[in-house]
Amino acid sequence: MVHAELAENWGLKALARHLKAHTITEMRHAERHMERILFLEGFPEVSRIGEIRIGKNVEEILFKDYEGEVQAVKGYNETMNLAQRLGDNGTREMIAEILKDEEAHVDWLETQRELLSRMGLPAYLQYLAGEFSE
Ligand SMILES: [Fe+2]
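Just so it is clear, the structure is predicted and the values come from calculations on it, not from any experiment. (Residues numbered from 1 in each chain as written. Predicted model: local features only at pLDDT ≥ 70, side-chain atom pairs only at ≥ 80, totals over all residues. Heavy atoms only, no water.)

A. Region of the structure containing the UniProt feature "domain: Ferritin-like diiron" (unreviewed entry) in the protein chain. The UniProt record annotates "domain: Ferritin-like diiron" (unreviewed entry) at residues 1-120. Across residues 1-120, helical content stands at 79% and strand content at 0%; the span's end C-alpha atoms are separated by 25 Å. (UniProt positions renumbered as here; feature names shortened; annotations may be inferred. Helix = DSSP H or I, 4+ residues; strand = E, 2+ residues; numbered from the N terminus.)

Pasting the structure below:
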C-alpha cells in the first residue's frame, strides 16, 4: 500500500494502479486467513507480522515486493504441505487459491524487472507514467 501511494505521488499511474490492485488482493487474503483461523477456533495474531520493507525508488520497490512475493509463495507451499499432512483439506484448498494470486504477483514483478532491465530506467519510468501500460 505504501508503494502504491509512493508511485501515485511520483506520477507513475500504471505502477500505482497495479500496486493498489495487489494491495486489495492481499487484504482479501488476510481476511480469508482470519476467517479460517477463527473457524478453526484460533486467534489471529496480527501483531506478529514480519518486517515491512519499503523501497525508496522504483527499483527498490520492484525488488522488495518481488522478494516479499517469492517469500509468500514459499510460505504458502509449505503451509499447503502441512495442511495436507494434517488432513486439513479446507485450509489446503484455501491456500491453493491464494498461492495462485501470489504466483501471479511474482510473475508480474518478474516482467516489470525484465522491462526495467531492457528499457533502462528513463524509458521504463515513462512507460509507468502512461495510461497505456497494463
Ligand atoms: Fe502478493
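On we go.
B. Spotlight on the nonpolar core. If you look at the biggest cluster of nonpolar residues, it comprises 15 residues, and the most contacted ones within it are Leu-12, Leu-15, Leu-19, Val-58, Leu-62, Tyr-124 and Leu-128. When residues of this core are traced back to their parent elements, those giving at least two are helix H1 (2-9), helix H2 (13-39), helix H3 (58-86), helix H4 (89-119) and helix H5 (121-129). Residues in contact with Leu-19, not counting those within four places in the same chain, are His-3, Ala-4, Ile-61, Asp-65 and Trp-108. Val-73, Tyr-76, Met-80 and Ile-95 belong to the second largest nonpolar core, which has eight residues in total. (Core = buried A, V, L, I, M, F, W, Y, C linked by side-chain atoms within 4.5 Å. Buried < 20%, exposed > 50% of the residue type's maximum accessible area, 1.4 Å probe, protein only. Contact = heavy atoms within 4.5 Å.)

C. Structural detail: the coordination of the iron ion. Of the protein atoms, only Glu-26 (OE), Glu-69 (OE), Glu-69 (OE), Glu-102 (OE) and His-105 (ND1) coordinate the iron ion, at distances of 1.8 to 2.5 Å. Donor residues for the iron ion, ordered by position in the chain, follow E-x42-E-x32-E-x2-H. Here Glu-102 and its partner His-105 are both found in helix H4, three residues apart, which amounts to about one turn of the helix. We classify Glu-102 as buried; its relative accessible area is 1%. Note on His-105: relative accessible area 5%, which makes it buried. (Donors = N, O, S within 2.8 Å, 3.2 Å for Na, K, Ca; no water.)

D. Structural view of H3. Helix length check: H3 (29 residues) gives 41 Å between terminal C-alpha atoms against 42 Å at 1.5 Å per residue, within 8%. Within H3, the full set of buried residues consists of Val-58, Ile-61, Leu-62, Glu-69, Val-73, Tyr-76, Met-80 and Ala-83. Structurally, H3 contributes buried residues whose contacts are with H1, H2, H4 and H5. Its side-chain oxygen 3.2 Å from the backbone nitrogen of Glu-59, Asn-57 forms the N-cap of H3. (Expected span 1.5 Å × (residues − 1). Polar contact = N/O pair within 3.5 Å; in protein donor to acceptor, adjacent residues only side chain to side chain.)

E. Main features of the packing of H3 against H5. Between H3 and H5, whose axes approach to 11 Å, the crossing angle comes to 75 degrees. What the angle tells us is that H3 and H5 run roughly perpendicular. Contacts between H3 and H5 involve Val-58, Glu-59 and Leu-62 on the former and, on the latter, Leu-121, Tyr-124, Leu-125 and Leu-128. When its residues are assigned to classes, the contact of H3 with H5 shows six nonpolar, no polar and one charged. (Axes fitted to C-alpha atoms, helices over the stretch in contact; angles between N-to-C directions. Parallel < 35°, antiparallel > 145°, perpendicular 65-115°, else oblique. Nonpolar A, V, L, I, M, F, W, Y, C, P; charged D, E, K, R; others polar.)

F. The arrangement of the UniProt feature "binding site: Fe cation 2" (unreviewed entry) in the protein chain in detail. Feature annotation in UniProt assigns "binding site: Fe cation 2" (unreviewed entry) to the following positions: Glu-26, Glu-69, Glu-102 and His-105. The named residues occupy 80 residues along the chain; their greatest pairwise C-alpha distance, 10.5 Å, places them in one compact cluster. Tracing the sequence through the fold places Glu-69 in helix H3. Its relative accessible area of 8% is what places Glu-69 among the buried residues. Every residue in contact with Glu-69, bar those within four places of it in the chain, is listed here: His-22, Glu-26, Glu-102, His-105, Val-106 and Leu-109. Leave out the neighbours within four places in its chain, and His-105 touches His-22, Thr-25, Glu-26 and Glu-69. Engagement of the side chain of His-105 in a polar contact is seen with the side chain of Glu-69, the distance being 3.2 Å.

G. The arrangement of the side chain of His-3 in detail. Within the secondary structure layout, His-3 lies in helix H1. In contact with His-3, other than residues within four places in its own chain, are Leu-19, Arg-53, Ile-54, Gly-55, Ile-61, Lys-64 and Asp-65.

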